[in-house]
Structure formats: C-alpha cells, structure tokens
Amino acid sequence: MGALGRVFLRSMFLQAAWNPRGMQNLGFADAISPALADLYPDPVERAKAVARHLEFFNCHPYLAAAILGGAVRLEERVANGEAPPQIVSSFKSALGPPFAALGDGFFWLALRPVAALAAAATQPFLGMGCVLVFLVLYNAVHLPVRLWLFATGYLRAEGVVDAVARAHMASGTPFLKACGAALAGAVAARGILHAGIPGRPFAALLVASMIVLAWATLPRLGATRAVYIALGVGLVVGARFL
Amino acid sequence: MLPLPPGGAPHLFVLMVIAALIGGLSAIERKGAFQVMLSRPIVLAPLLGWAVGDAQGGLVLGIPLELLFLGGVNLGGSLPDNESLLAGALTAMVVPAGLATRTGVDGPLAALGLALLLPLALFGRRLDRASEERNTQLLEEALSRAARGDPSAARVNLRGLLLPFGAAAGICALGVLASPLVALARLNCGALALAALEGSWHVVWAVAAACAVRAIRDSRAPALAAICAVTVVAITLAFRGLR
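Residues numbered from 1 in each chain as written. Chains lettered and ligands numbered in written order. Predicted model: local features only at pLDDT ≥ 70, side-chain atom pairs only at ≥ 80, totals over all residues. Heavy atoms only, no water.

### Some words on a nonpolar patch on the surface
What counts, and what does not: Patch construction takes residues with relative accessible area above 30% that form no salt bridge. Like charges are linked within 9 Å, and nonpolar side chains (Val, Leu, Ile, Met, Phe, Trp, Tyr) are linked within 5 Å. Areas reported as accessible are Shrake-Rupley estimates using a 1.4 Å probe. Residue values count occlusion only from the protein chains shown. Any Lys or Arg side-chain nitrogen located within 4 Å of an Asp or Glu carboxyl oxygen qualifies as a salt bridge. Three exposure classes are used, based on accessible area relative to the maximum for each residue type with a 1.4 Å probe and protein chains only: buried under 20%, partly exposed in between, and exposed over 50%.
A cluster of nonpolar side chains, namely M1 and L9 of chain A together with F34 of chain B, defines an oily patch on the protein surface of about 330 Å² accessible area. Accessibility expressed as a relative area gives 72% for M1 of chain A, which makes it exposed.

See the structure below:
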C-alpha cells in the first residue's frame, strides 16, 4: 500500500489518544507520519515535521480526513521548498472549526439519529434485519464521504473548501431531520400499540400520556432520572393495568 | 443453588471471555477507532447477544437503549453519557440470565437489569474523562521523543486504546458474573411483581420514545412526530377493526 493509503487507514484512529490539551493532535501526527516518511528521508528532519503536527488540532473525526489530505499535499510543497512550514499549520487551524461544525451538524445530529430511528421503526417488520438498515444507511454515506473528503483534500489542498461547500452537506440536514421526527413519531406509536393491544386500552393511554409527560419534563430531569421515575411509575401502575 | 446457563459454570466462564472481548472492542470503536457505529446500542446489544447465545434478546435491549441515548453527542471536549458501556454490560448480564431462567429476555428481566445498571452510563462518562486526561501523558511522551529526534514519536497514539478496552472488558465480564443473581431474582418474582416489572418496561419504552423526539433538535420535530404517531395508531386500529 502506498503512503497515501496508509495515511487514510491511520486516519481511522484519529481519536485513539484524544486528550484535553491537544485534542486530536496525536492522532493527526500519527496519521500523517507515513507521508512524512516519504517526504523527509532524513530522520531528524522527519522528527521535526512530526513535532510540528503535534500542535493542537481538533475537528469532526470524518471531516478531518479532508484536512489530513490537504496537509499531505501542503507538506509536499514544504518539502520541495515551495512554501514555509507555517502554511500547513494555518491550513489546519483555519479549517478545523468550520469543518467540525459541519460534521457535527450533519453526521452526529442528523444522519445518525435518523438512521437509528429508521432501524427502530422497521424492527417490527424486519426483525434482526433492522440492524443492517442502520449500519447500511449510515455507512453508505459515511465511508464514501470520508474517502471522497480525503481524496479531494489531497488533490485540491486549499480548494477543498469550495468542493465541500458545493457538496451541500448542510442543506440536506432539514430534510433529514423532518424524516427523523416522523420516524420518532412512528416509534412512539409502536410503543403505544405494543402496550395497549389486544384489549388493554388503559395501558395504551398510560404509555401515550407518559410519552407526552416525559417529553415535557426531559430537559429538566435528564434521561437517567426520567428512566428511574418511569421504572417506579411502571411498578406502581403496571400491576393494575397489565 | 444459583441458576446458571445450560452448560453450568464452564459455560458462564466462556460467556465472560466473549463479553469481555466484544465489550472491550466496542469501547475502542466508539471513539478511538473507525467509528462505523458498531458500538451503538442498536448494533452492539444484538451482536453481543448473538455471541453469548440470544441475538433476539439483545435486540430487545438494544432498541430502547438506542432511543434513550439518541441525542447524546460528542461535541468538541464535551462528552455524552457512555451508552456503549451500558449496552454492553446490560446485554452481558441480562442475556445469560435469560438463558438461565429459560425465559429469554422478557420485559421483567430487561426492566430489572436496566434498574440495576443504568448508572453505568454516567460512570462510563467519568471513565472516558479520566482516560482522556491520562492520554495527556502519552502526548508528553510523544513531545519529548520528537524533541529527541525520534521520527516515530506519534506512534504512542494507539496506546490510548488500551485503557478504554480494559475498563469496558472488565465491566462486561462482571456483568456476566452477576447474571445468576439477576436470574435468581427473576425466578423468585410472583405474578404481581412480574406484571409490575412488565409495566415498568413499557413505561421505559415511553421515555425512550420521548428521548427520540427530543434528539431531533428541530422546532418542528414535536408536531411532526405527534402527527405521525396519531396517524400510525389510527391506521393500525382501523386495520385491526376491519378484520
């Protein structure tokens, strides 16, 4: 495997030693090391380059692939004497925060919940197959995007910003969230029907009112306390209704 | 005599090893490596359940856990509750207990297990924080090696995976070890206690559904979810009424 392939593989371990001081810095330096080994044959020069990459770095773990690819391309320019080393550093620190926000909003706050809800909603029909629904929906987007980001970062360097902007990642988010809300409703309906049927309308009403009550009080209670209260309420009323 | 899985104590020991391995790997996959979502409860619970003898039982636990922790995200330095540790330990405890009682994972067993292990989600978050603090030592080691001219200084990165692996592996193994006690409690439940626990599980499901709606951080989400829920219930009832 070429150096680029090894850099991409190691990017999968970007957060292995996430630490409060440098955040993803160790992972980034480790990931870019195979490329640096090609560019700087002299071990002392190479160690200096690795040390430069131990500076603070943080991003979304997937979107970081674009910055990593771009950093490899910029390191090539630095090694050829076409640019000063600071260019890599400012590239990383300029792109980290906006790409982090983009990745958090799309992957963590939209794609992942929606894929999981799609699986939860289809479980009554698909059984164990719903696990595949989740993994395929999520990773059919995640893995190609991650590879594309890395390749585009390497090919375009600073141009990756335009390429990512044109990909309209953020614009798909409202539609995904609407799907997620509808699926969450379907999952709630499933809980109500499961408790209430056949012939237990009171249990269905109980579960339906608990959903509304929990929804209203969750921000104040937090999930842990809400679950313990639910367990208690269920114990008290469960024996009478079910 | 404690209720054990069909193969007795050796069987329990094998299950401990399997649960430790899978639980440990999930702790690595969750943040440190790949992040292809194998450590989410909806995948981990049925996967670990399958490995210890009851995939379906794992799925019974995995779906409400996934919904409960759907909104937890790792943004920058802020850590969410550790849903993977809870899912791993709960599956490791409840699925072997279901094998021992010959009931499989039913509502009462699931509710009992969740009541016992829920604090693990918060504990796991503290554990994550501690192991990340400890990674600072790895950073210092890398910095001093790089300063001495060692080009492979950043390779210490992978050592950050050891602590999360070990902690989760140990906790999941303990989960299996505790399973006979949970099985014993389940077998000693009377009809009333079973009905009450079954009710508890339904109400936990209700909280999970509410968490799922909250996880969609959008102002239109509650209305859209309510409309969809009412529609699904109405269609199902109409369909059943016709038959």
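### Regarding the domain arrangement of chain A
How we decide: Just so you know, the domain bounds were taken from an automatic or database domain assignment.
Split by domain assignment, chain A resolves into domain 1 (2-112 + 125-167) and domain 2 (174-238). Measuring from the centre of the C-alpha atoms in domain 1 of chain A to the corresponding centre in domain 2 of chain A gives 40 Å.

### Considering the nonpolar core
Rules: For this analysis, a nonpolar core means a set of buried residues of the types Ala, Val, Leu, Ile, Met, Phe, Trp, Tyr and Cys, connected via side-chain atoms within 4.5 Å. Strands are runs of DSSP state E lasting at least 2 residues, helices are runs of H or I lasting at least 4, and numbering of each runs from the N terminus.
Counting 153 residues, the largest nonpolar core has F99, F107 and F134 of chain A together with L67, L86 and L114 of chain B as the members making the most contacts within it. Per element, the largest residue contribution to this core is 18 residues, and it comes from helix α5 (residues 86-126) of chain A. If you count residues domain by domain, this core takes at least three from each of domain 1 (2-112 + 125-167) and domain 2 (174-238) of chain A.

### Structural notes on the state of the cysteines
Among covalent bonds in proteins, the disulfide is the one between the sulfur atoms of two cysteines. Heads up, the rule is: Defined by distance alone, a disulfide is two cysteine sulfur atoms within 2.5 Å.
If you walk through the whole model with that rule in mind, you get zero disulfides over all chains. Between C211 of chain B, a cysteine without a disulfide, and C228 of chain B, which holds the nearest cysteine sulfur, the sulfur-to-sulfur distance is 18 Å.

### Section: the interface of chain B and chain A
For the record, the criterion: By the convention used here, residues are in contact when the closest approach between their heavy atoms is within 4.5 Å. Using a 1.4 Å probe, buried area is obtained as the accessible area two parts lose upon being combined, added over both of them.
Taken together, the contact pairs 88 residues of chain B with 89 residues of chain A. Each partner contributes to the roughly 7,600 Å² buried at the junction of chain B and chain A, and carbon and sulfur atoms together form 74% of this total. One can count two salt bridges joining chain B with chain A. When residues of the side of chain B that touches chain A are traced back to their parent elements, those giving at least two are α2 (41-52), α3 (55-68), α5 (107-117), α6 (119-147), α8 (191-215) and α9 (221-242) of chain B. Among the elements that make up the side of chain B that touches chain A, the one with the highest residue count is α8 of chain B (19 residues).

### Some remarks on the pattern of salt bridges
Residue and element names in this part refer to chain B. Taken as a whole, this structure holds 20 salt bridges over all chains when the rule is applied. With a closest N to O distance of 2.9 Å, E83 and R30 form a salt bridge. One end of the pair, E83, is in helix α4 (residues 83-101); the other, R30, is in helix α1 (residues 8-31), with 53 residues separating them in the sequence. Note on E83: relative accessible area 4%, which makes it buried. Judged by its relative accessible area of 16%, R30 is buried.

### Focus on helix α2 (residues 25-39) of chain A
All names here are of chain A. Convention followed: Every helix has an expected span of 1.5 Å times one less than the residues it contains.
Between its first and last C-alpha atoms α2 spans 20 Å; for 15 residues at 1.5 Å apiece the expected length is 21 Å, and the two agree. Most of α2 is tucked away: 12 of the 15 residues are buried. Listed in full, the buried residues belonging to α2 are N25, L26, G27, F28, A29, D30, A31, I32, S33, P34, A35 and L36.

### Focus on the environment of N188 of chain B
All names here are of chain B. Inspection of the secondary structure puts N188 in the loop between α7 (162-187) and α8. Overall, N188 belongs to the exposed group, its relative accessible area being 61%. Note: C-alpha distance between N188 and M1 (187 residues apart in sequence) is 13 Å.

### Concerning the side chain of H142 of chain A
Checked against the element boundaries, H142 of chain A lands in helix α6 (residues 129-156). If near-sequence neighbours (up to four positions away) are discounted, H142 of chain A is found in contact with Y62 and F107 of chain A together with F34, Q35 and V36 of chain B.

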